[in-house]
Amino acid sequence: MKAVLFDFSGTLLRIEPTGAWLRAAIDELGLDVPPEAFTRYARQLEAAGALPGGASPLRVPPHLADLWATRDESTERHRAAYTGLARQVELPDARLYDALYDRHMSPDAWRPYPDTAEVLGELRRRGIGVAVVSNIGWDLRPVFRAHGLDARVDAYVLSYEHGIQKPDPRLFAAACEALGHDPLEVLMVGDDRHADGGAAELGCAVRFVDHGPADERPAGLRPVLDLVD
């Protein structure tokens, strides 16, 4: 392998827990929410799948089904899909729906996996091209800059910027082209067998990692170093 494509959420970085996400938004607005109500809101938001990068919805309401299926194709659809899921929960202040969405785009809401910097740095040292290929509705580059990872990434291929989302092979093809390598020389690393597995259609090798909490996956990316030239 001469280059590696990485998924973002659940592969290189992990979103904060639902409770921390909700607490940050509540504090930002200066709201006073009783502990028992806070616990209830957090549980309901998690069940709704309202946190991007967090748990999947237990159920997508019929009126959001089409939007949900193509949520990563534009900034507007992404925000509408996730705030729509959040609105299933009756929160104490209507401002919270947008505040929650905005919070998840903050670098403070994301934590790199313990071996992310190490693996990206070693790939850079070896001269291996690296691209981040993400189904997402917003610009994640500031997150990488804030965590000191941006200098270790050669290209970002983000679904909302191309109007297509994984597993569409065109998104992976754009990443291979950006790195200047034939797909047969490229490894795709991700946590979603359906979405990230689409790279195999181009001939890319594919490796999957567990998308668990950051402190429970200290070395999930290190095996990638054994697969590259």
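What comes next is a walk through the structure. (Residues numbered from 1 in each chain as written. Predicted model: local features only at pLDDT ≥ 70, side-chain atom pairs only at ≥ 80, totals over all residues. Heavy atoms only, no water.)

A closer look at the environment of Glu201
Then step 1. Residue placement: Glu201 occurs in the loop between strand E6 (186-190) and strand E7 (205-208).
Then step 2. Along the backbone, Glu201 and Tyr101 are 100 residues apart, and their C-alpha atoms lie at a distance of 33 Å. (Helix = DSSP H or I, 4+ residues; strand = E, 2+ residues; numbered from the N terminus.)

Details of the side chain of Ser134
Then step 1. Considering the arrangement of structural elements, one finds Ser134 in strand E4 (residues 129-134).
Then step 2. Judged by its relative accessible area of 2%, Ser134 falls in the buried class.
Then step 3. Excluding residues that lie within four positions of it along the chain, Ser134 makes contacts with Asp7, Phe8, Leu140, Val157, Leu158, Ser159, Lys166 and Leu171. (Buried < 20%, exposed > 50% of the residue type's maximum accessible area, 1.4 Å probe, protein only. Contact = heavy atoms within 4.5 Å.)

Description of the packing of helix H1 (residues 18-29) against helix H5 (residues 96-104)
Then step 1. Contact pair H1 / H5: the axes reach a minimum separation of 9 Å and the direction vectors enclose 120 degrees. Considering the angle they form, H1 stands oblique to H5. Relative to H5, the crossing made by H1 is right-handed. In this structure, H1 uses Trp21, Leu22, Ala24, Ala25, Ile26 and Leu29 to contact H5, whose residues at the interface are Leu96, Ala99, Leu100, Arg103 and His104.
Then step 2. By residue class, the composition of the contact of H1 with H5 is nine nonpolar, one polar and one charged. (Axes fitted to C-alpha atoms, helices over the stretch in contact; angles between N-to-C directions. Parallel < 35°, antiparallel > 145°, perpendicular 65-115°, else oblique. Left-handed = near helix turned anticlockwise from the far one by under 90°. Nonpolar A, V, L, I, M, F, W, Y, C, P; charged D, E, K, R; others polar.)

Things to note about the packing of helix H4 (residues 75-86) against H5
Then step 1. Between H4 and H5, whose axes approach to 9 Å, the crossing angle comes to 125 degrees. The orientation of H4 relative to H5 falls into the category oblique. The way H4 lies across H5 gives a crossing that is right-handed. Residues His78, Arg79, Tyr82, Thr83 and Ala86 of H4 form the contact with H5, whose own contacting residues are Tyr97, Asp98, Tyr101, Asp102 and His104.
Then step 2. When its residues are assigned to classes, the contact of H4 with H5 shows four nonpolar, three polar and three charged.

Details of the pattern of salt bridges
Then step 1. Under the counting rule described, the total for this entry stands at 14 salt bridges.
Then step 2. When the shortest N-O distance is used, the salt bridge between Arg79 and Asp98 registers 3.0 Å. With Arg79 in helix H4 and Asp98 in helix H5, this residue pair connects regions lying 19 residues apart in the sequence.
Then step 3. Using a relative accessible area of 27% as the deciding quantity, one classes Arg79 as partly exposed.
Then step 4. Given a relative accessible area of 35%, Asp98 falls into the partly exposed group.
Then step 5. One salt bridge in this structure joins Arg95 and Asp93, with 2.9 Å as the shortest N-O distance.
Then step 6. With relative accessibility at 16%, the residue Asp93 sits in the buried group.
Then step 7. One salt-bridge network, in which partners are shared between bridges, spans Asp7, Lys166 and Asp196. (Salt bridge = Lys/Arg side-chain N within 4 Å of Asp/Glu carboxyl O.)

Section: helix H6 (residues 116-126)
Think of an α-helix as 3.6 residues a turn; residues three or four steps apart then line up on the same face.
Then step 1. Buried within H6 we find Thr116, Val119, Leu120, Glu122 and Leu123. Looking straight down H6, one finds its buried side chains confined to an arc of 160 degrees; they lie on one side.
Then step 2. Contact partners of the buried residues in H6: strand E1 (3-6), strand E3 (110-112) and E4.
Then step 3. Two residues or fewer after H6 comes Gly127, characterised by a positive phi angle close to 80 degrees. (Arc of directions from axis to C-beta.)

Some words on the packing of aromatic side chains
Then step 1. Across all of its chains, the model carries six aromatic pairs by this definition.
Then step 2. Seen in terms of ring centroids, Phe8 and Trp138 are 6.2 Å apart; in terms of plane orientation they differ by 85 degrees. Their pairing is edge-to-face. Highlighted residues: Phe8 in the loop between E1 and strand E2 (13-15) and Trp138 in the loop between E4 and helix H7 (141-146), separated in sequence by 130 residues.
Then step 3. The interplanar angle of 75 degrees and the centroid separation of 5.5 Å between the aromatic rings of Phe144 and Tyr156 together place this pair among those described as edge-to-face. You can see Phe144 sitting in helix H7 and its partner Tyr156 sitting in strand E5 (residues 155-158), a full twelve residues away along the chain.
Then step 4. The class of Tyr156 is buried, set by a relative accessible area of 12%.
Then step 5. Here the aromatic residues Phe8, Trp110, Trp138, Phe144 and Tyr156 are joined through ring pairs into a cluster of three or more.
Then step 6. Positioned above the aromatic ring of Tyr41 is the side chain of Arg40, whose terminal nitrogen or guanidinium carbon lies 5.1 Å from the ring centre.
Then step 7. One cation-aromatic arrangement involves Arg71 over Trp68; the distance from NZ or CZ to the ring centre is 3.7 Å. (Phe/Tyr/Trp six-rings, centres within 6.5 Å; stacked < 30°, edge-to-face > 60°. Lys NZ or Arg CZ within 6 Å of the ring centre and 35° of its normal.)

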